[in-house]
Amino acid sequence: TAVPLTFVGQTQTGNADPTHAYLGNYCYMAARGEYDQESDALYFNYQRLGVLFRFMIPVKAGTYRSLTVRADDYIIVQYGTFNAIMTDQKIYDPVYSDSLTLEFSELSFESDATLVAFMILPPFDMASKQLTLELLSEDGVKHVSSVAGKSYVLGKTYNNAPSFTSSLSTDKIDGKGGSIELKVVASGT
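Everything quoted here is computed from the prediction, not taken from an experiment.

Caption draft 1: The arrangement of the sheet that holds strand S8 (residues 91–97) in detail. Taking strand neighbours across the sheet as the criterion, the three strands line up as S1-S7-S8 in an open arrangement whose pairing is antiparallel. At either end of the open sheet lies a strand with only one pairing partner, and these are strand S1 (2–6) and S8. Strand after strand, the sheet turns through a mean of 15 degrees between neighbouring axes, direction not considered. Relative to strand S7 (residues 76–83), S1 runs antiparallel, the two sharing five bridges. Counterpart to Leu 5 in the pairing with S7 is Gly 80.

Caption draft 2: How the structure looks around the sheet that holds strand S16 (residues 157–160). Taken in spatial order, the three strands of this open sheet run S11-S5-S16, and their pairing is mixed. Only two strands of the sheet have a single partner each, and these edge strands are strand S11 (113–121) and S16. Recorded for the sheet is a direction-independent mean angle of 15 degrees between the axes of neighbouring strands. Relative to S16, strand S5 (residues 51–59) is paired through four bridges, and the arrangement is parallel. Residue pairing across strands places Phe 53 opposite Tyr 158, the latter belonging to S16.

Caption draft 3: A look at the packing of aromatic side chains. Enumeration over the complete set of coordinates arrives at six aromatic pairs. Centroid distance Phe 53 to Phe 55: 5.7 Å. Interplanar angle 10 degrees. Geometry classified as stacked. Owing to a relative accessible area of 0%, Phe 53 belongs among the buried residues under this scheme. An angle of 40 degrees between the planes, with centres 5.0 Å apart, marks the rings of Phe 124 and Tyr 152 as tilted. Here the residue Phe 124 occupies a position in strand S12 (residues 124–125), and Tyr 152 occupies one in strand S15 (residues 151–152), the gap between them amounting to 28 residues. Here the aromatic cluster, defined as three or more aromatic residues joined through ring pairs, consists of Phe 53, Phe 55, Phe 124, Tyr 152 and Tyr 158.

Caption draft 4: Quick peek at the confidence of the model for the protein chain. Averaged over all residues, the pLDDT of the protein chain equals 80, while 81% of them reach at least 70. The model gives residues 167–173 a pLDDT under 50, and that stretch makes seven contacts with residues more than four places away or in other chains. The model gives residues 182–189 a pLDDT under 50, and that stretch makes 21 contacts with residues more than four places away or in other chains.

Caption draft 5: Structural detail: the pattern of salt bridges. Counted by the stated rule, this structure contains four salt bridges. In this structure, Glu 134 and Arg 70 form a salt bridge, with 3.0 Å as the shortest nitrogen-oxygen distance. Pair noted here: Glu 134 is in strand S13 (residues 130–137) and Arg 70 is in strand S6 (residues 62–70), with a separation of 64 residues, a long-range link. Through salt bridges with shared partners, a single ionic network connects Arg 70, Asp 98, Glu 134 and Lys 142.

Each value, and the rule that gives it
Residues numbered from 1 in each chain as written. Predicted model: local features only at pLDDT ≥ 70, side-chain atom pairs only at ≥ 80, totals over all residues. Heavy atoms only, no water. Pairing = 2+ DSSP bridges. Helix = DSSP H or I, 4+ residues; strand = E, 2+ residues; numbered from the N terminus. Axes fitted to C-alpha atoms, helices over the stretch in contact; angles between N-to-C directions. Phe/Tyr/Trp six-rings, centres within 6.5 Å; stacked < 30°, edge-to-face > 60°. Buried < 20%, exposed > 50% of the residue type's maximum accessible area, 1.4 Å probe, protein only. pLDDT = per-residue confidence, 0-100. Contact = heavy atoms within 4.5 Å. Salt bridge = Lys/Arg side-chain N within 4 Å of Asp/Glu carboxyl O.

Right, here's the structure in full:
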């Protein structure tokens, strides 16, 4: 009765098709059967046991390694179980974290483009809070964005088009002169 669920270890190869996601082992589904006496047939109504996120992220040319979704508190389920006998479609025995990461492979852009990423997360409530997104590029630069959180409901799809910025640190050169190495990174917009 305890079917194991995990949302950890999601990967995406290349840029996704904006209209379709290959979700692999993370798109858990459950079905309720309904018997139709007239046709003497049994019909199943499937529902996803997670929340599907589609991210449409404007990016500059470069290679990207990962996208992390982060909450302010440990409210994102990493692991749990689904009770196949119960009809509540709830995640039991949850192990919580404050983030989940989607790893990219072979994700490079020659010029400005739109990075399309799909990720399955468990349902969680971020109403009246901010959800932080961290896009990590191959050169180790972390691009950060915040989007208004909401209550993310089981079986629903959410579209996000965040605008990322990268912070620039500053150093001072004393009055005697000198030099510093400065790396300038443009925002993803």
